[in-house]
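Chain and residue survey
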Amino acid sequence: MDSEIVYDFSPVFIIYKSGRIERLTGETIVQSSLTPHNGVVSKDVVYSPGDNLSVRIFLPEKAAKTGEKLPLLVYFHGGAFIIETPFSPTYHTFLTTAVSASDCIAVSVDYRRPPEHPIPIPYDDSWTSLKWVFTHIAGCGPENWLNKHADFSKVFLAGDSAGANITHHMTMRAAKEKLSPHLSGSGISGIILVHPYFWSKTPVDDKDTTDVTTRSRSETLWRIASPNSKDGVDDPFINVVQAESVDISGLGCRKVLVMVAELDLLVRQDWCYAAKLERSGWKGEVEVMETEGEKHVFHLKNPDTEKAHELVKKFASFIKGEM
């Protein structure tokens, strides 16, 4: 039974009839280091001992020497909820680059992944990580880098793909539930959604793909991540854009940057998310940056290209308040 394949998403992952998953990418680990790389140091800190979950914290070396306060970025990695970690070369490289460009302190979050830990566990873990981060708001939390360097008046959430989906839902939740008793609002200044993973049973507009095989594959991915969802890809966790029952007017921040890629399967969902946010009555500012001629998370796959550098520059300018 263990050799019988149920889902073959090679070269990404394979799921067998026994329930075992073989992740074919995103499992390599890069160690954190107090030796600067691109002017940034890093370390891993446990935020949920019961579930053995950690965050990787990135800090500009010069801030470590001066003790200055910096904007705080909390980042949720992508990978369809199923693959990748904050400790992989992909995300270690991106966060190092983003922190160097943005001059911020960043917390990159590890969360438990489906199919072993199905939706909503990744959301619950992400919320736990955010609450842990906000225990440092008064400067007396368990992690000294956050106590000493994080400016909690400038908190940004960001993520790519599934991580951008998580970012949206965390920001919605932060508007309803207090992350800290020290807060009067959500505590979140802005969010960056990089190629966010939203989907629906039917095309979101007349420019969205109608290819049956493509749409079926996307449904299968969500079913693997959320097997208990009675609505499939019309579940409110994933169908944020098209579902009329999903109200996003209460998004708990005042500025949003949506990054989209022209050739991304999700591009129409992402443009329509920004449009829905503007129509919703949400009292904030949303900007869309589209990269022409590129596919989903191109900047992670080819970080040294000119267009990847442009994305990082825009990402950094948002955090620096240059939107």
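This text gives an overview of the structure that appears in the document. (Residues numbered from 1 in each chain as written. Predicted model: local features only at pLDDT ≥ 70, side-chain atom pairs only at ≥ 80, totals over all residues. Heavy atoms only, no water.)

1. A word on the packing of aromatic side chains
We apply this condition: Ring pairs are drawn from Phe, Tyr and Trp, using the six-membered ring of Trp, whenever the two centres fall within 6.5 Å, and their geometry is named by plane angle: stacked under 30 degrees, edge-to-face over 60, tilted for the rest. In DSSP terms, a helix is any run of H or I states spanning at least four residues, a strand is any run of E spanning at least two, and both are numbered starting from the N terminus. Think of it in three bands: residues with accessible area under 20% of the maximum for their type are buried, residues over 50% are exposed, and the middle band is partly exposed, with areas taken using a 1.4 Å probe on protein chains only. Any Lys NZ or Arg CZ that is within 6 Å of a ring centre and within 35 degrees of that ring's normal is treated as a charge sitting over the ring.
Applying the stated criterion across every chain, the model contains 11 aromatic pairs. Ring centres of Phe 81 and Tyr 123 lie 5.7 Å apart, and the angle between their planes is 55°; this geometry places the pair in the tilted category. Of this pair, Phe 81 sits in the loop between β6 (70–76) and α2 (89–102) while Tyr 123 sits in helix α3 (residues 121–134), placing them 42 residues apart in sequence. Here Tyr 123 and Phe 237 contribute two aromatic rings whose centre-to-centre distance is 4.2 Å and whose plane-to-plane angle is 10°, an arrangement assigned as stacked. One end of the pair, Tyr 123, is in helix α3; the other, Phe 237, is in the loop between α6 (212–225) and β10 (255–261), and 114 residues separate them in sequence. Looking at Tyr 123, the relative accessible area reads 3%, which means it is buried. Here Phe 237 falls in the partly exposed class, since its relative accessible area comes to 27%. A connected cluster of aromatic rings, assembled from ring pairs, spans Phe 81, Tyr 123, Tyr 197, Trp 222 and Phe 237. Here the guanidinium or amino end of Arg 20 rests over the ring plane of Tyr 16, the centre of that ring lying 4.2 Å away. For the cation-ring pair, Lys 255 lies above Phe 318, with the distance from its terminal atom to the ring centre recorded as 4.6 Å.

2. Description of the nonpolar core
Rules: Joining through side-chain atoms within 4.5 Å is the link that ties buried Ala, Val, Leu, Ile, Met, Phe, Trp, Tyr and Cys residues into a set, and such a set is a nonpolar core. Between two residues, a contact is recorded if the distance between any of their heavy atoms is within 4.5 Å.
Counting residues in hydrophobic clusters, the biggest one holds 74 residues, and the most contacted among them are Leu 72, Phe 81, Ile 105, Leu 130, Leu 251, Val 256 and Tyr 273. When sequence neighbours within four positions are dropped, the list of residues in contact with Tyr 273 reads His 168, Leu 193, Phe 198, Val 240, Val 241, Ile 248, Leu 251 and Val 258. Grouped together as the second largest cluster of nonpolar side chains are 28 residues, Met 259, Phe 298, Ala 308 and Val 312 included.

3. Looking at the packing of α2 against helix α9 (residues 306–319)
The following threshold applies: Axis geometry follows a simple rule: fit a line to the C-alpha atoms, using only the stretch in contact for helices, then measure angles between N-to-C directions, giving values from 0 to 180 degrees. For classification purposes, angles smaller than 35 degrees are called roughly parallel, those larger than 145 roughly antiparallel, those between 65 and 115 roughly perpendicular, and all remaining angles oblique. Crossing handedness: left-handed means the near helix sits turned counterclockwise from the far one by under a right angle, and right-handed means the same turn made clockwise. Residue type decides the class: Asp, Glu, Lys and Arg count as charged, Ala, Val, Leu, Ile, Met, Phe, Trp, Tyr, Cys and Pro as nonpolar, and the leftover types, Gly among them, as polar.
It is at 8 Å that the axes of α2 and α9 come closest, and there the two elements cross at 50°. Taken together, the axes of α2 and α9 lie oblique to each other. Here α2 runs over α9; the crossing is right-handed. Contact residues: Phe 94, Thr 97, Ala 98, Ala 101 and Ser 102 in α2; Leu 311, Val 312, Phe 315, Ala 316 and Ile 319 in α9. Here the residues of the contact of α2 with α9 are counted per class, giving 8 nonpolar, 2 polar and no charged.

This is a description of form; function is not addressed.
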